[in-house]
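Read off the chains here:
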Amino acid sequence: MKKTVFTFAFILSVLSIQAADIKTIVNAFNSGNATLLAACMDTEVDMALPETARKVNGREAVDLLARFFEAGKVSGFTVAHHADKKKSGFIVGKLVTEKGDFRVNITYQTNNDSLMIQSIRIE
């Protein structure tokens, strides 16, 4: 029994080490603060917002997201699904704003301890 518990605890600890830390992304969306994502943006980001869809550089992605947040005050964000696979991952969540609820899809790449956002789709 002790061996089973130890094995289970070991597997969980290894999985938690490999999982990407998405706290910064969740906090940014939950607070409606796009500037928190500046360090997480890749050099090119596919952005799809209700009013635009295009590939932009990281700084422009933060600016577009900031304008989106300003257009409708954010009152919450919940993660519906999060998965990591080798050096990539995705987040699916629900963003609640005063203009309505939006489904958010974020894909990212991981490299060592850093997480780089590849795409953000808000629909």
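Residues numbered from 1 in each chain as written. Predicted model: local features only at pLDDT ≥ 70, side-chain atom pairs only at ≥ 80, totals over all residues. Heavy atoms only, no water.

(A) Fine view of the overall build of the chain. Scanning the chain from terminus to terminus reveals three helices and six strands. Traced from its N-terminal end to its C-terminal end, the chain shows the element sequence α-α-β-β-α-β-β-β-β. For the chain, the proportion of its 123 residues judged to be buried stands at 35%. Counting every atom, the chain has about 7800 Å² of accessible surface; 55% of that belongs to carbon and sulfur. (Helix = DSSP H or I, 4+ residues; strand = E, 2+ residues; numbered from the N terminus. Buried < 20%, exposed > 50% of the residue type's maximum accessible area, 1.4 Å probe, protein only. Areas by Shrake-Rupley, 256 points an atom, 1.4 Å probe, with all protein chains shown as cover.)

(B) Broad picture of the sheet that holds strand S5 (residues 100-111). Spatially, the six strands line up as an open sheet ordered S2-S1-S6-S5-S4-S3, and their pairing is mixed. The open sheet has two free edges, formed respectively by strand S2 (52-57) and strand S3 (74-85), since each of these has just one partner strand. Adjacent strand axes in the sheet meet at a mean angle of 20 degrees, parallel and antiparallel pairs treated alike. Of the pairings in the sheet, the one linking S5 to strand S6 (residues 114-122) comprises eight bridges and is antiparallel in character. Directly across from Gln-109, in S6, lies its bridge partner Met-116. Lying on the sheet, helix H2 (residues 23-31) is in contact with S3, strand S4 (88-97), S5 and S6; it crosses S3 at an angle near 155 degrees. On the sheet, helix H3 (residues 58-71) packs against strand S1 (41-49), S2, S3, S4, S5 and S6 and is oriented at approximately 35 degrees with respect to S1. (Pairing = 2+ DSSP bridges. Axes fitted to C-alpha atoms, helices over the stretch in contact; angles between N-to-C directions. Contact = heavy atoms within 4.5 Å.)

(C) Spatial organisation of H3. Compared with the 20 Å implied by 1.5 Å per residue over 14 residues, the 20 Å span of H3 between its first and last C-alpha is a close match. Buried within H3 are the following residues: Gly-58, Ala-61, Val-62, Leu-64, Leu-65, Phe-68 and Phe-69. Taken end-on, H3 shows its buried residues confined to a sector of 165 degrees, consistent with a single buried face. In H3, the exposed positions angled more than 90 degrees off the buried face are occupied by Arg-59 and Glu-70. (Expected span 1.5 Å × (residues − 1). Arc of directions from axis to C-beta.)

(D) Here's a closer look at the pattern of salt bridges. Taken as a whole and assessed by the stated rule, the structure comprises three salt bridges. The residue Asp-46 makes a salt bridge to Lys-55 at a minimum N-O spacing of 3.8 Å. For Lys-55, a relative accessible area of 52% corresponds to the exposed category. In this structure, the salt-bridge partner of Lys-94 is Asp-101, at a minimum N-O distance of 3.5 Å. Lys-94 gets classed as partly exposed once you look at its relative accessible area, which sits at 41%. The network of salt bridges with shared partners includes Glu-44, Asp-46 and Lys-55. (Salt bridge = Lys/Arg side-chain N within 4 Å of Asp/Glu carboxyl O.)

(E) Geometry of the environment of Ala-66. Within the fold, Ala-66 resides in helix H3. Looking at Ala-66, the relative accessible area reads 21%, which means it is partly exposed. In the structure, Ala-66 is positioned 34 residues away from Gly-32 in sequence and 7.6 Å away in space, judged by C-alpha atoms.

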